[in-house]
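# Structure assessment
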Amino acid sequence: MSQGHVTYGLNYKMTPPVIVSGEGLERGTIVRLHRDPDSPAPDRLRSLRAFHLRAEDWAPVARVVTEQPLGSRLSGRPAVYHVLDPHGAPLGRISLRRRRAFRWGRERWTVEPAAGPVLHGYVGRLVWWALWWPFGLPVYLLFLLLALMAEIDDGFRPPRRITWRDGSHRAHVVFRAVAEDYRLQRHELDPRLVHALIALHQSYDWPEQAGEGGWYEY
């Protein structure tokens, strides 16, 4: 099994945006993202998702639907999404659990393949969060205030890097926040689940060039 790294990212210059692979994110495999025309109306927490992934020739690749919407920070209930193949067979589930109110913790993304190890990815490294709360947060609030006053762009953000690891602590997928790309470290995860994970994550955490609402609001 090849262990070479593969880099993925979203090309927001296309409408709708597409997932591309390859260094530089200018060439390689293309997966098109299409929000379902009959997708559910946004819930209060804007966690409902329903979209298709299609190949470059428009052939269906997979579909993502919401199994359970995100709960409040008091309940701690995660958002859960089914990933299905073109025939409706399950490829796996992807869930997002946010930090509960008044408790220490980090936002967590979990990938549960139909076959293969479960992967957990926590947002931000502990060392950067330890620096963020006393030093980064005040600077962020200042940037936010200046952005609201239209003095500068809001370019300062909390820690965002995510590494999805299995039970043996092996890294499978890494979201590199500075580069805004995803690096596949191991090739045990179904590529369709990788594409679905990227699309879901980018619908919650998108770069500035994606606009105000991210690709899912296109």
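First things first, this report covers the structure right here in the doc. (Residues numbered from 1 in each chain as written. Predicted model: local features only at pLDDT ≥ 70, side-chain atom pairs only at ≥ 80, totals over all residues. Heavy atoms only, no water.)

## A closer look at unusual backbone geometry
The following threshold applies: Strands are runs of DSSP state E lasting at least 2 residues, helices are runs of H or I lasting at least 4, and numbering of each runs from the N terminus. Each residue is placed in one exposure class: buried if its accessible area under a 1.4 Å probe, protein chains only, is under 20% of its type's maximum, exposed if it is over 50%, and partly exposed if it falls in between.
The step from threonine 15 to proline 16 runs through a cis peptide bond, and the omega angle for that step is -5 degrees. You can see proline 16 is positioned in the loop between β1 (6-11) and β2 (18-21). The residue arginine 46 is not glycine, and still its phi comes out positive at about 55 degrees. With respect to the secondary-structure elements, arginine 46 resides in the loop between β3 (30-35) and β4 (50-55). Residue classification places arginine 46 among the partly exposed positions, given a relative accessible area of 44%.

## What to know about helix α2 (residues 191-204)
Keep this limit in mind: How far a helix is expected to stretch is found by multiplying one less than its residue total by 1.5 Å. Whenever a nitrogen or oxygen atom comes within 3.5 Å of another N or O atom, the pair is scored as a polar contact, on the condition that within protein one atom can donate a hydrogen and the other can accept it, and that pairs from neighbouring residues in sequence are kept only if both atoms are in side chains.
When the terminal C-alpha atoms of α2 are compared, their 20 Å separation across 14 residues agrees well with the 20 Å that a helix rising 1.5 Å per residue should span. The buried fraction of α2 amounts to 12 of the 14 residues, a majority that puts the element mostly inside the structure. Looking only at α2, the buried set comprises Leu193, Val194, His195, Ala196, Leu197, Ile198, Ala199, Leu200, His201, Gln202, Ser203 and Tyr204. In this structure aspartate 190 caps α2, since a side-chain oxygen of it lies 2.8 Å from the backbone nitrogen of arginine 192.

## Some words on the sheet that holds strand β12 (residues 181-184)
As a reminder of what qualifies: Two strands make a pair as long as DSSP finds a minimum of two bridges between them. Where helices are involved, their axes are fitted lines through C-alpha atoms of the stretch in contact, as for all axes, and angles between N-to-C directions lie from 0 to 180°. Residue contacts follow a heavy-atom distance rule, with two residues in contact if any of their heavy atoms lie within 4.5 Å.
One closed barrel holds the 12 strands; their spatial order is β1-β2-β3-β4-β5-β6-β7-β8-β9-β10-β11-β12, and the pairing between them is antiparallel. Averaged over all neighbouring strand pairs, the angle between strand axes comes to 20 degrees, with direction disregarded. Pairing geometry for β1 and β12, over three bridges, is antiparallel. The residue of β12 that forms the bridge with threonine 7 is arginine 183. Those strands touched by α2 are β1, β2, β3, β4, β5 (60-68), β6 (79-84), β7 (90-97), β8 (108-113), β10 (162-165), β11 (171-176) and β12, and its axis lies near 25 degrees from that of β7.

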